[in-house]
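# Overview (structure and organization)
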Amino acid sequence: MSDPRLEIQMLHDRVMVAPVQGEGERRSSGGIVIPATAQPAKRLVWGEVFGTGQHVRSVSVGDRVLYAQDDHFEVDVTGRTYVVLRERDLHAVASETSEPTRSSSGTGLYL
Amino acid sequence: MSDPRLEIQMLHDRVMVAPVQGEGERRSSGGIVIPATAQPAKRLVWGEVFGTGQHVRSVSVGDRVLYAQDDHFEVDVTGRTYVVLRERDLHAVASETSEPTRSSSGTGLYL
Amino acid sequence: MSDPRLEIQMLHDRVMVAPVQGEGERRSSGGIVIPATAQPAKRLVWGEVFGTGQHVRSVSVGDRVLYAQDDHFEVDVTGRTYVVLRERDLHAVASETSEPTRSSSGTGLYL
Amino acid sequence: MSDPRLEIQMLHDRVMVAPVQGEGERRSSGGIVIPATAQPAKRLVWGEVFGTGQHVRSVSVGDRVLYAQDDHFEVDVTGRTYVVLRERDLHAVASETSEPTRSSSGTGLYL
Amino acid sequence: MSDPRLEIQMLHDRVMVAPVQGEGERRSSGGIVIPATAQPAKRLVWGEVFGTGQHVRSVSVGDRVLYAQDDHFEVDVTGRTYVVLRERDLHAVASETSEPTRSSSGTGLYL
Amino acid sequence: MSDPRLEIQMLHDRVMVAPVQGEGERRSSGGIVIPATAQPAKRLVWGEVFGTGQHVRSVSVGDRVLYAQDDHFEVDVTGRTYVVLRERDLHAVASETSEPTRSSSGTGLYL
Amino acid sequence: MSDPRLEIQMLHDRVMVAPVQGEGERRSSGGIVIPATAQPAKRLVWGEVFGTGQHVRSVSVGDRVLYAQDDHFEVDVTGRTYVVLRERDLHAVASETSEPTRSSSGTGLYL
């Protein structure tokens, strides 16, 4: 029997997210990043979902989610830093859709 | 099959709003903006709704909404800054009506 | 068809009020305003209701309402400053009555 | 028809009270007021009820009520300063009773 | 008819207590009071109940009750200072019992 | 009839505890107490239950209970200092068991 | 009869955890620990469950759990320091699984 390994499962309403660098950043025509206007505490950034607790309903593994850049827990797992959030702290989700839709909660905006 | 694009959907009670510059500003006869009396933290401004989460009932995409100028999240999408609010933080909505009405919640005031 | 105009409707429990200058101020016999004793944060002033959200029950457009002079939102509409309050933050209402009544909630005091 | 006058009605759980000077103050045999021991923020004083909102159950117009000397709203009406409180912030009521009673909530103490 | 006197009735969950000096104080063999170790804000003292509001269930007039020495309201009535508390802020009650009992909530300790 | 004595009964969810000195302290081989690593505010200590209010379910008189060393009320009774806590503020209980058990909430650790 | 020993049982929603040193730490190829980026207050660390209160559902003795490095209670038992947490403050659990699974709450990441 292979040596039992400890798989990480999220609990309750927690969501584990890997920050996605550079998504949504503004760049000048020359490709230089234009710093966001909002103070850091009020800036939202994107990340990819790696795990969801048993109470999480609105997002799933592989989705991109929008969350506040500050004020969240972090954990290092096998050399990479992940962010740990609560479902209620997620503002939006970007999921794969081939044809542009304007469903009720769709913004018509794309990542 | 066209390359799958990630459409941004708002979650829960969130509303994505694009600030509308200059709406409601006071101008002198010469067109100079008269600064509002209220301290910034207490000033309300207008914006256009670009997306609403599945729990949002009272406003929809395209409406103008009234919200506090300070204390809200921001995100840059394709080079434009959007504000992310919760439905309960919206104070009023200005929707298109051709004839002046004084319904119960109508103020008889127009943007 | 006339150009559609955006009428402002209040949301939820919000009430839009236009401050009424000088109502309830104390004046010396010579007409000079005697500053109120209470610190500003604790002083109540009167205003006229211009709009009520769909959840508002206890006041209606045209009523005079009593609210705290500080700590409320403001918005400029067509050059005039309005106060935006929540119904629960209103302390009293002065409505038109021809004969003096002493109903249960009437104070027998008049604006 | 007589000119309609705006009678002030209290809302919700609000109670309008006129402070009663000197009630409960300690005086030396020579009649000099002995300052209360408690810091102001913790001192209770008496006032007469002038109006009650529709949700108020435990006191009525004319009763004397006991409330905290600090931390309440004030409004000037026809040259007199009234205090505006919430029912839950009232500690005791002194109502007229001819024979000394020791009902369950009576203290056997008199104003 | 005798002149109507205003008897003080407690409201809601309020309890009126007269502090009892010296109860529970530690004294050296020579009778000198040994100051309590706890900071004042954390020290509990005893008092006698003089009145209870209509919602009070667990104590009655004449009982001794244990309450925090700091952070409570006070009122002077006929030259004596009383403390006004909420039932939930009372920690223990000492009521008359002739034989030592160890009922479930009895501590076997006596005042 | 013997003179009625005032037995102290705990109220509501309150628990009266007598601190137990030295329980759980770390000592070097030479018996010297090794100060705990946690800041005082975060350190838990043991005490013996002397009384419980009528709403207390999970502990009884004679049990050892684990509580935060700081931030609790104290009272002196017959020359001894007792701590007064709320049931919800107790973290663990050590009750007498002759055979080592590993029930669901047992830690297999002993005082 | 063997001398009764006091076994420690956790109460309510409390979980007793023994911190596991070094789990999840980032090391350079040379084995040197790379300090985590997050400020301490926002860093999550792993520990082993030693006991759970009767209301705890989602973890059991022997599991590894993820919790915030700061802001928790500590107790020394038989010379070892344990952390005492509430179930709701646990973010993830790593339990033994022989084959890699990607159940809904599994992250596919391993300790």
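Structural data are supplied above this passage.
Structure report, in brief. Bear in mind that the values here come from a model prediction, so they are computed numbers and not experimental data. (Residues numbered from 1 in each chain as written. Chains lettered and ligands numbered in written order. Predicted model: local features only at pLDDT ≥ 70, side-chain atom pairs only at ≥ 80, totals over all residues. Heavy atoms only, no water.)

### Focus: the overall build of chain A
Spelled out, the test is: Note on conventions: DSSP H or I runs of at least 4 residues are helices, E runs of at least 2 residues are strands, and numbering of each starts at the N terminus. For the exposure calls, accessible area comes from a 1.4 Å probe over protein chains only, and a residue counts as buried if that area is under 20% of its type's maximum, exposed if over 50%, partly exposed in between. By definition, residues are in contact when any of their heavy atoms lie within 4.5 Å.
On a plain count of helices and strands, chain A comes out with zero helices and 10 strands. In chain A, the succession of α and β elements from N to C terminus is β-β-β-β-β-β-β-β-β-β. Within the span of chain A, comprising 111 residues, buried residues form 49% of the whole. The long-range fraction of contacts in chain A, counting pairs at least 24 apart against all pairs at least 6 apart in sequence, stands at 62%.

### So, the environment of Glu7 of chain D
Quick reminder of the rule: Pairing of N or O atoms within 3.5 Å defines a polar contact, subject to two protein rules: one partner must be a possible hydrogen donor and the other a possible acceptor, and residues neighboring in sequence count only if both atoms are side-chain atoms.
Residue placement: Glu7 of chain D occurs in strand S1 (residues 5-10). A polar side-chain atom of Glu7 of chain D sits 2.9 Å from the main-chain amide nitrogen of Gly108 of chain C.

### Observations regarding unusual backbone geometry
A negative phi angle characterises most non-glycine residues, just as the trans form characterises most peptide bonds. A positive phi angle, close to 40°, is found at Thr78 of chain B, a residue other than glycine. Within the secondary structure layout, Thr78 of chain B lies in the loop between strand S7 (73-77) and strand S8 (80-86).

### Thoughts on the packing of aromatic side chains
Basically, it comes down to this: Centres within 6.5 Å are what make two rings of Phe, Tyr or Trp a pair, Trp counting through its six-membered ring; a difference in plane orientation under 30 degrees is then read as stacked, over 60 as edge-to-face, and the rest as tilted. In this analysis the charged atom, NZ for Lys or CZ for Arg, is taken to sit over a ring once it is within 6 Å of the ring centre and within 35 degrees of the ring normal.
Scanning the entire structure with this criterion turns up seven aromatic pairs over all chains. A ring pair is formed by Phe50 of chain C and Tyr82 of chain C, whose centres lie 5.3 Å apart and whose planes are at 65°; its orientation type is edge-to-face. Linking Phe50 of chain C in strand S5 (residues 44-52) with Tyr82 of chain C in strand S8 (residues 80-86), this pair joins segments that are 32 residues apart in sequence. The pair formed by Phe50 of chain C and Tyr82 of chain C is uniform in burial state, with each residue classed as buried. A cation over a ring is seen here: Lys42 of chain E above Phe73 of chain F, with NZ or CZ 4.8 Å from the ring centre.

### Observations concerning the pattern of salt bridges
All names here are of chain B. Quick note on the threshold: Whenever Lys or Arg places a side-chain nitrogen within 4 Å of a carboxyl oxygen from Asp or Glu, that contact is recorded as a salt bridge.
Following the criterion strictly, the structure yields 21 salt bridges over all chains and no others. Of the charged contacts in the structure, one is a salt bridge between Arg86 and Asp13, with a shortest N-O distance of 3.0 Å. Of this pair, Arg86 sits in strand S8 while Asp13 sits in the loop between strand S1 (5-10) and strand S2 (14-19), and the two are 73 residues apart along the sequence. Residue Arg86 is classed as partly exposed on the basis of its relative accessible area, which comes to 29%. Given a relative accessible area of 15%, Asp13 falls into the buried group.

### Re the pairing of strand S1 (residues 5-10) of chain A
For the record, the criterion: For two strands to be treated as a pair, DSSP must find no fewer than two bridges joining them.
Of all six residues making up S1 of chain A, five are buried, and the element is well covered by its neighbours. Across two bridges, S1 of chain A lies against strand S10 (residues 106-110) of chain G in antiparallel orientation. Across the sheet, residue Gln9 of chain A finds its bridge partner in S10 of chain G, namely Gly106 of chain G.

### Looking at the pairing of strand S7 (residues 73-77) of chain A
Residue and element names in this part refer to chain A. Across the five residues of S7, four count as buried, placing the element largely inside the fold. Sheet topology note: the S7/strand S8 (residues 80-86) ladder contains five bridges and is antiparallel. Each residue of the ladder has a partner; that of Val75, found in S8, is Tyr82. Hairpin remark: S7 followed by S8, antiparallel, with two residues in the connecting loop; positive phi at Thr78, about 40°.

### Topic: the side chain of Arg14 of chain D
Here Arg14 of chain D shows up in strand S2 (residues 14-19). At 3.0 Å, the side chain of Arg14 of chain D and the side chain of Asp13 of chain D are in polar contact. Those residues within four positions of Arg14 of chain D in sequence are excluded, and the remaining contacts are Arg88, Asp89, Leu90 and His91 of chain C together with Gly51, Thr52, Gly53, Val56, Val84, Leu85 and Arg86 of chain D.

### Quick word on the environment of Glu48 of chain A
Relative to the helices and strands, Glu48 of chain A is located in strand S5 (residues 44-52). For the pair Glu48 of chain A and Val20 of chain A, spaced 28 residues apart in sequence, the C-alpha to C-alpha distance is 6.6 Å.

### Side note on the environment of Glu74 of chain B
All names here are of chain B. Structurally, Glu74 can be placed in strand S7. On the accessibility criterion, Glu74 (17% relative accessible area) is buried. The spatial distance from the C-alpha of Glu74 to the C-alpha of Leu85 is 8.9 Å, given a sequence separation of 11 residues.

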